[in-house]
Amino acid sequence: MRPENEDELAEMVRGAAGPLRIEGGGTRPVGVTTGEVLSTAGLSGITLYEPGALTLVARAGTPVAEVEAALAAEGQRLPFEPMDHRALMGTGGAPTMGGMAAANASGPRRIQAGACRDSLIGVRFVDGTGAVVKNGGRVMKNVTGYDLVKLMAGARGTLGVLSEVAVKVLPRPAAQVTLRLRGLDAGRAVQAMSAALGSPYEVTGAAHRGQVAEAETLLRLEGFESQIAHRRAALSELIAPYGAVEVEDDGAAGDALWREIRDAERLGGAEEDVWRISVRPSDAPEVARRLEAARLLFDWGGGLIWAATDPGLDLRAALAGVAGHATLVRAAPETHAALGTFAPEAPPLAAISHGLRARFDPRGILNPGLMG
């Protein structure tokens, strides 16, 4: 099923005789669901772009790369640095704007610019009854319906099939520099990243990867050339107690480095399970201690941890008592069935989730079973 416009999408959902598996570019297949594939790839194209107003509207099937190219031509970008899952998941296709919003895909810059949901200013979608719903607007000053806009971000198609998204955009900075510390263990790395993020120097990326012998802790600064020089010197002095500071000031090399971090590329192409763990940064060293055998990547100053583990490991049990949650991103279907893709919700939250799904998808046909 591949509708070419919103009316066809609504008609297909209304006429569905059974479950539907919602798919954009097919690059982010998290979890196991069943049903006839309903692709939004035919709903493509940028419908509004006003660089002066810092807003862009695109149909859900529009490739993210197409939007990024249009923004780059005007010296702008998506603020939240959306992750591309293809290297991690071993998938093809092209990430779409609808899939990006449905997954709330956000990269290293989230610590400074917020998540995808924070840049969404409007959505159009078809709910499980086939009704077309519009929420939010096409300009930043229109704040009506923000709650519903944000509700759709991260719902992964379980509440409705996105047909159009409106986002705010920001200017691309003139310069970028990355500071690197080598050889830190998880505890010292988190201390260094916390010191940097707590400073006034506007760090836009804070990541740590590798075992201690080859570990690197990375801090990114972005802005005007004149600002960068001062902030680089001041931040280098601040983190000097943690080791010798290396500087990467080549823009292309920096872009490649942070794209690798954003997409967790080093955890791709292997047989391990991959988990996405959200914790307090101060708990990241304890996570590293308990998962000593795993390959880890810290992002967001340690608040986001990617872990490549032995197949079938019950990571949630291994991290019992550590506050946060873990999502099983890549694993065999039987492992998803045994451990669950998403962490179990607390009863009050589960009741709210079930109530929302009953309201927006009373027949239970949109990505059934994906989120409990």
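Further up the page is the structure itself.
Residues numbered from 1 in each chain as written. Predicted model: local features only at pLDDT ≥ 70, side-chain atom pairs only at ≥ 80, totals over all residues. Heavy atoms only, no water.

Draft legend 1. Examining the overall build of the protein more closely. When its secondary structure is counted, the protein shows 14 helices and 17 strands. Rg of the C-alpha trace for the protein: 21 Å, near the compact-globule value of 21 Å for 372 residues, within the 12% margin. Along the first, second and third principal axes, the C-alpha set of the protein runs to 65 × 50 × 35 Å. Residues counted as buried form 50% of the 372 residues belonging to the protein. (Helix = DSSP H or I, 4+ residues; strand = E, 2+ residues; numbered from the N terminus. Rg over C-alpha atoms; globule rule 2.2 N^0.38 Å. Buried < 20%, exposed > 50% of the residue type's maximum accessible area, 1.4 Å probe, protein only.)

Draft legend 2. Seen up close, the sheet that holds strand E11 (residues 203-209). Strand order in the open sheet made by the 8 strands is E13-E10-E12-E11-E15-E16-E14-E17, with antiparallel pairing throughout. Here the strands that pair on one side only, and so sit at the sheet edges, are strand E13 (246-248) and strand E17 (324-330). When the angles between neighbouring strand axes are averaged without regard to direction, this sheet yields 20 degrees. The sheet contact formed by strand E14 (residues 273-279) and E17 spans 6 bridges and is antiparallel. Paired with Arg 276 across the bridge in E17 is Thr 327. (Pairing = 2+ DSSP bridges. Axes fitted to C-alpha atoms, helices over the stretch in contact; angles between N-to-C directions.)

Draft legend 3. View of the sheet that holds strand E3 (residues 46-50). Here we have 5 strands laid out as an open sheet, ordered E3-E4-E8-E6-E7, and antiparallel in their pairing. Two strands bound the open sheet, and with one partner strand each, they are E3 and strand E7 (132-136). If you compare each strand with its neighbour and ignore which way they point, the axes differ by 10 degrees on average. Where strand E4 (residues 55-59) and strand E8 (residues 161-168) come together, 5 bridges link them in antiparallel fashion. Within E8, the position partnered with Val 57 by the bridge is Ala 166. Each of E3 and E4 is contacted by helix H2 (residues 64-73), which is oriented at about 25 degrees to E3, the strand it contacts most. (Contact = heavy atoms within 4.5 Å.)

Draft legend 4. Spotlight on the side chain of His 85. You can see His 85 is positioned in the loop between strand E5 (76-77) and helix H3 (86-89). Owing to a relative accessible area of 9%, His 85 belongs among the buried residues under this scheme. Look past the residues within four positions of His 85 in its chain and what remains in contact with it is Thr 27, Arg 28, Gly 90 and Thr 91.

Draft legend 5. Just the nonpolar core, in detail. Judged by nonpolar contacts, the single largest core of 38 residues is most densely connected at Leu 219, Leu 235, Ile 277, Leu 291 and Phe 298. Not counting the four nearest positions on each side in its chain, Leu 291 is found in contact with Ile 277, Leu 296, Ala 307, Leu 315, Ala 318 and Leu 319. Ranked by size, the runner-up nonpolar core spans 29 residues in total, among them Leu 56, Ala 58, Phe 80 and Leu 148. (Core = buried A, V, L, I, M, F, W, Y, C linked by side-chain atoms within 4.5 Å.)

Draft legend 6. Summary view of the pairing of E14. Counting buried residues in E14 gives 6 out of 7 residues, a clear majority hidden from the surface. Across 6 bridges, the pairing between E14 and strand E16 (residues 304-309) is antiparallel. Note on E16: the bridge partner recorded for Trp 275 is Ala 307.

From the geometry alone we can't say anything about function, so treat these as descriptive.
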